[in-house]
Amino acid sequence: MKNLCIGLICVLLFICNASSASEQKATTAHVAFAYNQYHLDCGTFDLPFHLINGYILVPAKVNNTMGKFLFDTATEFPFFFNRHYLSLQKDKFLGKGKAASGQILELYIQNEAITSLQLDGDVHFEELKNLPHADFSFLEVGITPDFLGTMGYGFVHNYAFLINYDHQNITFYPLNRPLPAQLTEAKNIIATMHYTPTGAYGKMPQIPLQIAQHRLSGFMDTGNLGTLELTPELRDQLIREGKLHIETGSHLSATYAPHIRATLKGLYYQGIPLDTVYNLHFTVGKENRVGMGYQFLRNYQTLWNYQQQTVTLLKR
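Residues numbered from 1 in each chain as written. Predicted model: local features only at pLDDT ≥ 70, side-chain atom pairs only at ≥ 80, totals over all residues. Heavy atoms only, no water.

### Observations concerning the pattern of salt bridges
Here comes step 1: On inspection of all chains with the given rule, the structure shows six salt bridges.
Here comes step 2: Between D166 and R316 there is a salt bridge, with its nearest N and O atoms 2.8 Å apart. Residue D166 is located in the loop between β13 (159-164) and β14 (169-174), and its partner R316 is located in the segment after β27 (310-314); the two are separated by 150 residues in the primary sequence.
Here comes step 3: Residue classification places D166 among the partly exposed positions, given a relative accessible area of 45%.
Here comes step 4: R316 gets classed as exposed once you look at its relative accessible area, which sits at 57%. (Salt bridge = Lys/Arg side-chain N within 4 Å of Asp/Glu carboxyl O. Helix = DSSP H or I, 4+ residues; strand = E, 2+ residues; numbered from the N terminus. Buried < 20%, exposed > 50% of the residue type's maximum accessible area, 1.4 Å probe, protein only.)

### Focus: the packing of aromatic side chains
Here comes step 1: Scanning all chains against the criterion turns up 26 aromatic pairs.
Here comes step 2: Both rings, one in F49 and one in Y165, keep their centres 6.1 Å apart while their planes meet at 75°; by these two values the pair is edge-to-face. Of this pair, F49 sits in the loop between β2 (45-48) and β3 (50-52) while Y165 sits in the loop between β13 and β14; the two residues are 116 residues apart in sequence, bridging distant segments of the chain. Of the two residues examined, F49 and Y165, each falls in the buried class.
Here comes step 3: Summarising the aromatic geometry, the rings of F155 and Y159 are spaced 5.6 Å apart at their centres and angled 55° between planes, so their arrangement reads as tilted. (Phe/Tyr/Trp six-rings, centres within 6.5 Å; stacked < 30°, edge-to-face > 60°.)

### Focus: the nonpolar core
Here comes step 1: Of all hydrophobic cores here, the largest spans 80 residues; its most connected members are F79, L119 and F155.
Here comes step 2: Considering every element that reaches this core, the biggest residue donor is strand β4 (residues 55-62), with six residues.
Here comes step 3: Setting aside residues up to four positions removed in sequence, F155 forms contacts with Y38, F45, P78, F79, L119, F125 and F172.
Here comes step 4: In this structure, A160, Y173, L183 and L314 belong to the second largest nonpolar core, which totals six residues. (Core = buried A, V, L, I, M, F, W, Y, C linked by side-chain atoms within 4.5 Å. Contact = heavy atoms within 4.5 Å.)

Nothing here speaks to function; it is geometry throughout.
As structure tokens, this is what we get:
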């Protein structure tokens with residue numbers, strides 16, 4: 001099985017019925033989904049999750065099939081279904097994509113609506129159309145056999161949401177109402193990180209970080225276990241300065257997969273010290289980037305607000 005540690009990020013490569021780059025972009029936005037279908041006027045609600053090998057898996061039922069969605073903020077779609085588990089029809093070809101772990105994905109939508117999608121409690125959708133599906137059988141092997149697909153930015157951007165890894169719970173707050181006092185009191189806040197939106201629809205928060213005088217770019221993604229890419233020059237400098245420790249590993253997600261893992265300490269955001277990050281999947285490349293996924297996020301409660309373009313780190 002190929003390495004799954006980088007997260008599940010689907011990039012559309014081409015779209016049927018489009019003849020130019022601008023037409024392809026527009027077709028992707030309109031054919032795949034409509035954002036306004038995924039805003040619930042039900043106040044604050046919670047979604048419990050299972051934590052499996054660092055991945056957030058949300059229990060759900062699609063039509064009459066029980067399973068789990070991967071909570072992946074780097075997926076632009078509200079829901080992206082696994083046709084291998086759900087047996088969906090390939091009625092309309094949407095495009096080709098690529099998982100960040102290397103697998104090629106063929107995206108389709110079926111003409112018949114998804115009759116029902118039930119998350120926890122009162123979170124329920126009916127007659128869902130124009131949502132993509134692909135064969136995610138490799139994630140059934142790598143994460144969970146009852147893999148329904150992913151839920152991503154197209155759903156979560158409608159809310160402020162708090163991820164609590166200790167309680168294994170995500171709380172969603174309406175954007176038009178005040179947040180609870182404990183989330184805004186200075187004594188509970190470690191840092192409010194203002195980010196640059198990147199990726200499709202601004203799904204990927206990019207945050208400037210520092211280690212001593214060195215600058216790195218961080219990106220936040222719940223489908224990423226934790227990654228680190230450094231140029232050879234900065235790698236060597238950080239090792240000399242005692243900020244970076246690297247070693248070889250043999251297993252990822254309980255699967256044999258030789259890799260290099262890194263421990264990074266001394267990170268700062270605008271002068272605010274951040275926790276040491278362990279078990280980062282390390283590569284040498286042309287950029288200095290930190291994937292602020294599970295290995296970073298688990299150190300805090302994190303409050304995400306795409307409207308304000310902030311991710312707030314709160315004490316656990």
